[in-house]
Amino acid sequence: MIPDVISPPSSAMAQATGEVHLKGLRISGLRALGELHLLKRDRALTASGPDPLSEVDLHLSWHDLKVKGLRLFHSKKDLLEKRGLNKEAQLFDTYAMMTADPDFEDVLQKHLTNHDTLFVALTKAADEFASQLRALDNVYLRERAKDVEDFALEMQRLLQGQSFADEIHSLAGPTVLVARDITASEVLDLADSAVKAVILEQGTKTSHVAIFLKSLNIPALFQVPQALKKSQPRALAFVDATTAEVILNLAASEVPRFEARIRESEKRQEHLRSLRDHRLTTIDGQIVNIWGNAGQLPDVTQALEHGAAGIGLFRTEFLFLEQNSVPSEDEQYGIYREILKRAQGKPVSMRTMDIGGDKEWKHLNIEKEMNPFLGVRGLRLSLRRPDLFLPQLRAMMRAAEFGPVQIMVPMVSMASEWETTRRLMEETWVSLNLPWAKPQFGLMLEVPSLLFELPEVSATADFISIGSNDLTQYLYAADRNHRDLQDFAGDQPRAFYRALAIALRGVSSNCKVSICGEMASRPLEIPRLVALGIYNLSMSPGQMDEAREVVLQMSVAEAKTQLRAELGVI
Amino acid sequence: MIEVQLELKNGDGLHARPAGIIAKAASQFQAKVEVSAKGQSKNAKSVMSLLTLGLERGDAFALRADGPDEEAAVNHLKSVIESQLEV
């Protein structure tokens, strides 16, 4: 084939097409190349709009729309539930209920009787309810106004036959979607579409949209300033989510270079994926287990998909955080059971609530403290609040019917504290009189004083998990959330390794040692940790593939020599 | 007509999920069912109307039913509100 134009040197071309580099917030995925598709639209509800159905019988058209709406919302709900996103699925349950709401329908009919078109009637009816909601005192309830408006927008789209799904599925080749924002409903239509990456000017890390993009593993950047303005429709763009960068309006001559980068990246991913099923050993034959950290149900599924040996840390705080109320024992039991079912027989370390610290817990009636990280946090709170702690322990023990459970307590400072806790757990287990295997009882090593109590503690604990984030913060007296103190311990955290090396000598051989902090996934730290005899590394699912590669290429003997030379440890 | 006085124990207040549970339960009955609080009465069969009440944890409200199956409606809804809304 003869090219239409002969490409000038790449730099000149880049100038001509206006190549633009923008940075954003990394949400999900790796790299992608595609044609830019711009969603330029006003997402606000408007009182005017074409109404193709205005000529036909109004009652019938609302009835038809209702049926379509219910079908759409139920199918999205099912899609989310299949992916284990049950909380997100509730949103569509709400939309479905709004579709069938008798009072909404009354208001709508009133406007239709006044000769408004269905499109306009939807806007007016939604606005009547939304404005009442916006006037409420309670912030959380006030936000429901947006749900009502989003619901009406979805219905208007259906009415106009402008389904987002149709727009997305009409895209021919690989596409990079650019928009100000997209809704939780729209993002679901990206599954199995030509959209290979998403760039948003807005968007937040914890939104439904972000959660779903992660679940779809679509490369996505949020909060990319002026992305729409700088994008030329149909030009090419390269998105590298790993560096949180997008290059817009690529010159055609640059394409092969980026295609090569993506191929390389895909090949590497494929290689890394192929390692998931292997028994993981170092060059000199030491078995190392990679576990997953999880804070939500979908993380458990994701960790297993990434070949986790089990869940090394399940943070239970979200149960208490998101509900703004204390979950009952039965409610907790339901969730723990679901975690174990998803873990498919692999062990799960459930950490009892690490509450206190920097978060506000209005519904738990916890006092604000001057120095919350040194206050009544984690186990300290649990031991003072048996009304919260015992139901959690019981729920975990009951759930152990569905898989091996390791109950792990955070923020232990002294052997005596552990002893009290262990007895409490034993008593609770005995009182329940359950016929299945007893959970293992263990604790987090994250308070420096505990480093010097390990001989006593490890004599009765089944396992110890090093919480390196907090251990480092407390050891170095440096707030890990402080903007100016990031990576305070640096690349050579000698004090950390010396403290650990000395402390681990005192650990009883019956007590398993693992690590579940961020360090466990850093390529530089993995050989050092393994050299110290820590063979269980727990990390977030996205980091497991690379960690596995590090383990496969290291030798314990070499790592020990290096640790000794670099840091004077061992 | 039958009326009972209740208190909302739900931690987040009457948000979409609990309002949906109430509306679904109320819709099973022929009787007109209303929730009254802060000087307003709203149709208990409508999620959107229930939301606009802005009920928060600890708020008192009246549950009222009027119609052929009013007694069954009040009894059922009372038990739903007391048992199925998360505390």
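Bear in mind that the values here come from a model prediction, so they are computed numbers and not experimental data.

About the cut-offs
- Residues numbered from 1 in each chain as written.
- Chains lettered and ligands numbered in written order.
- Predicted model: local features only at pLDDT ≥ 70, side-chain atom pairs only at ≥ 80, totals over all residues.
- Helix = DSSP H or I, 4+ residues; strand = E, 2+ residues; numbered from the N terminus.
- Buried ≥ 20, exposed ≤ 12 C-beta atoms within 10 Å, placed from the backbone.
- Contact = placed C-beta atoms within 7 Å.
- Nonpolar A, V, L, I, M, F, W, Y, C, P; charged D, E, K, R; others polar.
- Pairing = 2+ DSSP bridges.
- Right-handed = clockwise from strand over helix to strand, strands pointing away.
- Arc of directions from axis to C-beta.
- Core = buried A, V, L, I, M, F, W, Y, C linked by C-beta atoms within 7 Å.
- Domains from an automatic or database assignment.
- pLDDT = per-residue confidence, 0-100.
- Axes fitted to C-alpha atoms, helices over the stretch in contact; angles between N-to-C directions.

1. Thoughts on the overall build of chain B
In step 1: Helix and strand content of chain B: three helices and four strands.
In step 2: In chain B, the order of α-helices and β-strands from amino to carboxyl end is β-α-β-β-α-β-α.
In step 3: A burial count over chain B gives 44% of its 87 residues as buried.
In step 4: Partitioning the intrachain contacts of chain B with sequence separation of at least 6 by distance along the chain shows that 70% fall at a separation of at least 24.

2. Focus: the interface of chain A and chain B
In step 1: Listed by partner, the interface residues are 26 residues for chain A and 20 residues for chain B.
In step 2: Contributions of two or more residues to the side of chain A that touches chain B are made by α3 (86–99), α4 (102–113), α5 (118–134), α6 (139–142) and α7 (144–159) of chain A.
In step 3: Top contributing element to the side of chain A that touches chain B by residue count: α3(A), with five residues.
In step 4: Class assignment for the residues of the side of chain A that touches chain B results in ten nonpolar, nine polar and seven charged.

3. With respect to the pairing of strand β15 (residues 512–515) of chain A
Residues and elements named next belong to chain A.
In step 1: As defined by bridge partners, strand β14 (residues 463–466) adjoins β15 across four bridges and the pair is classed as parallel. Looking across to β15, one finds that F463 is bridged to K512.
In step 2: Here β15 runs beside strand β16 (residues 536–539); their pairing, made up of two bridges, is parallel. Counted as the bridge partner of I515 is L537 from β16.
In step 3: In this view, the connection linking β15 to its parallel neighbour β16 by way of helix α22 (residues 525–531) has right-handed handedness.

4. Some details on helix α23 (residues 544–553) of chain A
All names here are of chain A.
In step 1: Listing the buried residues of α23 in full gives M544, A547, R548 and V551. Along α23, the residues classed as buried sweep out an arc of 105° about the axis, all on the same side.
In step 2: Buried residues along α23 sit against α12 (255–274), β9 (289–294), α22 and β16.

5. A closer look at the nonpolar core
In step 1: If you look at the biggest cluster of nonpolar residues, it comprises 97 residues, and the most contacted ones within it are A:V148, A:I199, A:V239 and B:L50.
In step 2: For this core, the leading source of residues is α5(A), giving ten residues.
In step 3: A domain-level breakdown of this core finds at least three residues from each of domain 1 (10–40 + 174–269) and domain 2 (58–159) of chain A.
In step 4: Setting aside residues no more than four positions away along its own chain, A:V239 makes contact with A:R31, A:A32, A:V176, A:A197, A:I199, A:P219, A:L221 and A:V246.
In step 5: With 71 residues, the next largest nonpolar core counts A:A343, A:V405, A:Y497 and A:A503 among its residues.

6. Observations regarding the confidence of the model for chain B
In step 1: Scored by pLDDT, chain B has a mean of 90; 97% of the residues are at 70 or more.
In step 2: Taken element by element, chain B is modelled with least confidence in helix α1 (residues 16–26) of chain B, mean pLDDT 90, and with most confidence in strand β2 (residues 32–37) of chain B, mean pLDDT 96.

7. Section: the sheet that holds strand β4 (residues 60–66) of chain B
Residues and elements named next belong to chain B.
In step 1: On the basis of which strands lie adjacent, the open sheet formed by four strands has the order β1-β4-β2-β3 and antiparallel pairing. Two strands in the sheet have a free side with no partner beyond their single neighbour: β1 (2–7) and β3 (40–43). Put simply, the sheet's adjacent strands are angled 25° from each other on average, direction ignored.
In step 2: Bridging between β1 and β4 involves six bridges; their strand directions are antiparallel. Opposite V4, over in β4, you have L63 as the bridge partner.

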